[in-house]
Amino acid sequence: MSRGLWQVGLDHVYHSEDFGTFFYGPYRDKYHLKKKGLSWSELPKPIGPLAWRFPDREVMEKQSPEEFAAALSKCRIDAVAFDGFEELIQPVYQVSPGAKLVVLSWRPYEEWQKSINSYAPAVNLENALLPHVFAAQQALPWPMVDRWFAKLLNDRELERALKSGGPPITQALSPSRASLSGREGALARRRMTLLWAAGHHLHPSSKDQYDHFHSTVGDGVPQGDIMHWDMLKHTYEDLCDFLGISPCPKSGKIPKARNNFIFLQDFPLVAMYNVTSELVLHWVNYMILGAVIG
């Protein structure tokens, strides 16, 4: 759905990777650094048991809606897919006057559970494999070289994107922004995982919980501002009609999104650049290590 929104003309369309990178990670860090007086070394770690050391509900509950809205507005977000942080739907909606809600309620619980069961092993493999491939820059101080290289080739485009809130990395990742394994890439991944480990997700364990979520998620939303989307029936034209976009730049049904290794599949040139450079660095690291200890 987020790709469909991007294709019909919305610019800052965020998935969880973008929401964590551009908004949630900095918002959480700022709270702990300035309001609690912590140092950088005391901040929550991005993954693992230490990620839960500072509950995120404190970040949301002890800051006012006005503070939340002010921080959120800096990213100039056009749309958000709340996949994996569903608890933030209402807080975001409450500070977004005129926002519309698209609810993907087309699948019954049994089909959703089947999809989750097939997705989980693949994403676990992805999370186990890719960190090893993209770890070469961490063995030696390569990020210093990468930072100079990025400035030389692309005027630090990724760094500027991190500061400005876009374009979203899940929608527009060009080869000139390909240095996701360098300093800015490590920063982006830290921010993503802070959101994923935050505990804002809803994972219904029964049909009743699943149906309850879809029947109540739109509470308080005016009738004309909510649409229950059916991937098997609705089209780009339906989306444009709902959003008031005319003429609609796309037609037909929105294609099924890739669920695993999406960056490698959606941005093959970026993948080729990153994988090749990392493999070369693995070889260079091996040669240097061999020379030192040999």
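Attention in this report is confined to the structure presented alongside it. (Residues numbered from 1 in each chain as written. Predicted model: local features only at pLDDT ≥ 70, side-chain atom pairs only at ≥ 80, totals over all residues. Heavy atoms only, no water.)

1. Structural notes on the overall build of the chain
- Looking only at helices and strands, one finds 14 helices and 4 strands in the chain.
- Burial status across the chain gives 39% buried among its 294 residues.
- Looking at the chain alone, contacts between residues at least 24 apart form 74% of all its contacts between residues at least 6 apart.
- When the accessible surface of the chain is totalled, it reaches about 16400 Å², and 61% of it is carbon and sulfur. (Helix = DSSP H or I, 4+ residues; strand = E, 2+ residues; numbered from the N terminus. Buried < 20%, exposed > 50% of the residue type's maximum accessible area, 1.4 Å probe, protein only. Contact = heavy atoms within 4.5 Å. Areas by Shrake-Rupley, 256 points an atom, 1.4 Å probe, with all protein chains shown as cover.)

2. Some words on the packing of helix 2 (residues 16-35) against helix 4 (residues 65-73)
- Two elements in contact, helix 2 and helix 4, have axes whose closest approach is 10 Å; the angle formed by their N-to-C orientations is 135 degrees. Between helix 2 and helix 4, the crossing angle belongs to the class labelled oblique. Here the hand of the crossing between helix 2 and helix 4 comes out right-handed. On the side of helix 2, the interface is formed by F19, F23, Y27 and K35, while helix 4 contributes E67, F68, A71 and L72.
- Taken together, the residues of the contact of helix 2 with helix 4 sort by class into 6 nonpolar, no polar and 2 charged. (Axes fitted to C-alpha atoms, helices over the stretch in contact; angles between N-to-C directions. Parallel < 35°, antiparallel > 145°, perpendicular 65-115°, else oblique. Left-handed = near helix turned anticlockwise from the far one by under 90°. Nonpolar A, V, L, I, M, F, W, Y, C, P; charged D, E, K, R; others polar.)

3. Let's talk about the packing of aromatic side chains
- Using the criterion set out here, one finds 10 aromatic pairs in the structure.
- Ring centres of F82 and F85 lie 5.2 Å apart, and the angle between their planes is 55 degrees; on these two criteria the pair is classed as tilted. Residue F82 shares its accessibility class with F85, and that shared class is buried.
- Chaining the aromatic ring pairs together yields one cluster made of F19, F23, Y27, F68, F82 and F85.
- Over the aromatic face of F242 sits the side chain of K100, whose NZ or CZ is 4.9 Å from the ring centroid. (Phe/Tyr/Trp six-rings, centres within 6.5 Å; stacked < 30°, edge-to-face > 60°. Lys NZ or Arg CZ within 6 Å of the ring centre and 35° of its normal.)

4. Considering the state of the cysteines
- The tally for this structure, following the rule as stated, stands at 1 disulfide.
- In this model C240 forms its disulfide with C248; the gap between the sulfur atoms is 2.1 Å. Between C240 and C248, the S-S dihedral sits near 60 degrees, and the bridge is therefore right-handed.
- C240 gets classed as buried once you look at its relative accessible area, which sits at 1%. (Disulfide = S-S within 2.5 Å.)

5. Some details on a nonpolar patch on the surface
- A cluster of nonpolar side chains, namely L140, I288, L289, V292 and I293, defines an oily patch on the protein surface of about 470 Å² accessible area.
- Here I293 is to be found in helix 14 (residues 268-293).
- I293 gets classed as exposed once you look at its relative accessible area, which sits at 65%. (Patch = residues over 30% accessible without salt bridge, like charges linked within 9 Å, V, L, I, M, F, W, Y side chains within 5 Å. Salt bridge = Lys/Arg side-chain N within 4 Å of Asp/Glu carboxyl O.)

6. Focus: the nonpolar core
- Core analysis: the biggest nonpolar cluster contains 29 residues, and F19, F23, Y24, F68 and L88 have the highest contact counts within it.
- Within the residue set of this core, elements represented by two or more residues are helix 2, helix 3 (56-61), helix 4, helix 5 (89-94), strand 3 (101-103) and helix 10 (183-196).
- Among the elements that take part in this core, helix 2 stands out by supplying 6 residues, more than any other.
- Among the nonpolar cores identified, the runner-up in size contains 12 residues, and V13, A79, W229 and I254 belong to it. (Core = buried A, V, L, I, M, F, W, Y, C linked by side-chain atoms within 4.5 Å.)

7. Regarding the pattern of salt bridges
- In the structure shown here, the tally under the stated rule is 2 salt bridges.
- Across the pair R190 and D29 runs a salt bridge whose closest N-O atoms are separated by 2.8 Å. Here D29 lies in helix 2 and R190 lies in helix 10, a separation of 161 residues in the sequence. Comparing R190 with D29 shows no difference in burial state: the two are buried.

On their own, these measurements won't tell you what the molecule is for.
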